[in-house]
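Breakdown of the fold
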Amino acid sequence: MYIVIKETLVPVLPGAEPFRHEGGEVGVLLCHGFTGSPQSLRPWAEYLAGRGLTVSLPLLPGHGTRWQDMQLTGWQDWYAEVDRALRELLDRCEQVFVFGLSMGGALTLRLAAKHGDAISGIVLVNPANKVHDPLAVTLPVTKHLIRSTPGIASDIAKPGSEEVGYDRVPTRAAHSLKKFLQLVDADLPQVTQPMLLLHSPQDHVVPPVDSARVLARVSSTDVTETLLEQSYHVATLDHDAERIFADSYAFIGRLAESVGREGAEAGG
């Protein structure tokens, strides 16, 4: 697969392609993380698609090709892509849920704050809330001097499981992420939807304090917190993946009458 970047065809990394499945009247949008790709969420997307849901897993601009391509993008581009995908699902489905990993969790929270009751519920896995690197305060300057820093991909406990992501973090994009997370944090009180938040106590990319911050600031009253004891940051490819998949589907089943009815009939 190829995508066009500045009028040039650029190959997409194997496994990083977007995913779309046409299913029933309940839709799910999945948002991947910073410097990652749809590959990190594909098993989750396929699990949901296999249960008859309509599923959209877009490739964020600047991702899934080369880290240099990400230098040309910022949070406005990443958010515009998930917002576009959400609007497509809202036109197509009776109910829509949004799921996100890491920065994808932050994108999910902004969609929830902006779209309100149009979103029936959200599921967050190790959501990012802040760039904690002490050097982040220098990004407005260093982004002009240093093009990239070491990558953050593939923080996974499970042997043999790897994430398709960049081995470098573009500094211009990191600066944009920092500004985006500040906006998301300010809007957290506007998030009112039912929420399932799953996070890893051992996370070498996003510390647990980010999940605590989200839980403390959202206005949602229907909130479930789950600890992923066996996984690191990319928990959707880790030991707790099946739990994430099953719990998120049960979450949808509780809130979407048609899915809940079908699940009860299957169980009977």
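Residues numbered from 1 in each chain as written. Predicted model: local features only at pLDDT ≥ 70, side-chain atom pairs only at ≥ 80, totals over all residues. Heavy atoms only, no water.

So, about the overall build of the chain. Across its full length, the chain holds nine helices and 11 strands. Burial statistics for the chain: of 268 residues in total, 54% are counted as buried. Intrachain contacts of the chain at a sequence separation of at least 6 include 76% that bridge at least 24 residues. In the structure as shown, the chain presents an accessible area of about 11,500 Å², 52% of it carried by carbon and sulfur atoms. (Helix = DSSP H or I, 4+ residues; strand = E, 2+ residues; numbered from the N terminus. Buried < 20%, exposed > 50% of the residue type's maximum accessible area, 1.4 Å probe, protein only. Contact = heavy atoms within 4.5 Å. Areas by Shrake-Rupley, 256 points an atom, 1.4 Å probe, with all protein chains shown as cover.)

On to the environment of valine 26, then. Relative to the helices and strands, valine 26 is located in strand 4 (residues 26-31). A relative accessible area of 5% means that valine 26 is categorised as buried. Taking the C-alpha atoms as reference points, valine 26 and threonine 54, separated by 28 residues in sequence, lie 6.1 Å from one another. Ignoring anything within four residues of it in the chain, the contact list for valine 26 reads Leu53, Thr54, Cys93, Gln95, Phe97, Ile252, Ala256, Ser258 and Val259.

Orientation of helix 1 (residues 42-49) relative to helix 8 (residues 241-255), taken along the N-to-C sense of each, is 40 degrees, at an axis distance of 10 Å. As summarised for this structure, helix 1 and helix 8 are arranged oblique, according to the angle between their axes. The two elements helix 1 and helix 8 meet at a crossing, and its hand is right-handed. Across the interface between the two elements, Pro43, Trp44, Tyr47 and Leu48 of helix 1 pack against Glu242, Ile244, Phe245, Ala246, Ser248 and Tyr249 of helix 8. In terms of residue class, the contact of helix 1 with helix 8 is made up of eight nonpolar, one polar and one charged. (Axes fitted to C-alpha atoms, helices over the stretch in contact; angles between N-to-C directions. Parallel < 35°, antiparallel > 145°, perpendicular 65-115°, else oblique. Left-handed = near helix turned anticlockwise from the far one by under 90°. Nonpolar A, V, L, I, M, F, W, Y, C, P; charged D, E, K, R; others polar.)

The terminal C-alpha atoms of helix 6 (residues 171-187), which comprises 17 residues, lie 25 Å apart, in line with the 24 Å expected from a rise of 1.5 Å per residue. Here helix 6 has its buried residues at Thr171, Ala173, Ala174, His175, Ser176, Leu177, Phe180, Leu181, Val184, Asp185 and Asp187. (Expected span 1.5 Å × (residues − 1).)

What follows concerns the pairing of strand 5 (residues 54-57). Alternating positions in strand 5 separate into two faces, Thr54 and Ser56 on one and Val55 and Leu57 on the other, with burial throughout. Bridge count for strand 3 (residues 19-21) against strand 5 is three bridges, and the pairing is antiparallel. Residue phenylalanine 19 lies in a different strand from strand 5, and its bridge partner there is leucine 57. The pairing of strand 4 with strand 5 spans three bridges and is parallel. Residue pairing in the sheet places valine 28 in a bridge with valine 55 of strand 5. As for the winding sense of the linkage, the β-α-β connection from strand 4 through helix 1 to strand 5 is right-handed. (Pairing = 2+ DSSP bridges. Right-handed = clockwise from strand over helix to strand, strands pointing away.)

In this section: the packing of helix 3 (residues 75-92) against helix 6. At their nearest, the axes of helix 3 and helix 6 sit 9 Å apart, and the two run at 60 degrees to each other. The pairing of helix 3 with helix 6 is recorded here as oblique in orientation. Facing Trp75, Gln76 and Trp78 of helix 3, the residues of helix 6 in contact are Ala173, Ser176, Leu177, Phe180 and Leu183. For the contact of helix 3 with helix 6, the per-class residue count stands at six nonpolar, two polar and no charged.

Summed over all chains, the structure comprises seven aromatic pairs. Taking the centre distance of 6.5 Å and the plane angle of 80 degrees together, the rings of tyrosine 47 and tyrosine 249 count as edge-to-face. Residue tyrosine 47 is located in helix 1, and its partner tyrosine 249 is located in helix 8; the two are separated by 202 residues in the primary sequence. Both residues of the pair, tyrosine 47 and tyrosine 249, belong to the buried class. Note on phenylalanine 97 and phenylalanine 251: the rings are 6.2 Å apart at their centroids and 75 degrees apart in plane angle, and the pair reads as edge-to-face. Of this pair, phenylalanine 97 sits in strand 6 (residues 95-101) while phenylalanine 251 is found in helix 8, placing the two residues 154 residues apart along the sequence. Each member of the pair phenylalanine 97 and phenylalanine 251 is classed as buried. Within the aromatic cluster, the residues linked to one another by ring pairs are Trp44, Tyr47, Phe99, Phe245 and Tyr249. Directly above the aromatic system of tyrosine 47 lies the positively charged group of arginine 51, at a separation of 3.6 Å from the ring centroid. (Phe/Tyr/Trp six-rings, centres within 6.5 Å; stacked < 30°, edge-to-face > 60°. Lys NZ or Arg CZ within 6 Å of the ring centre and 35° of its normal.)

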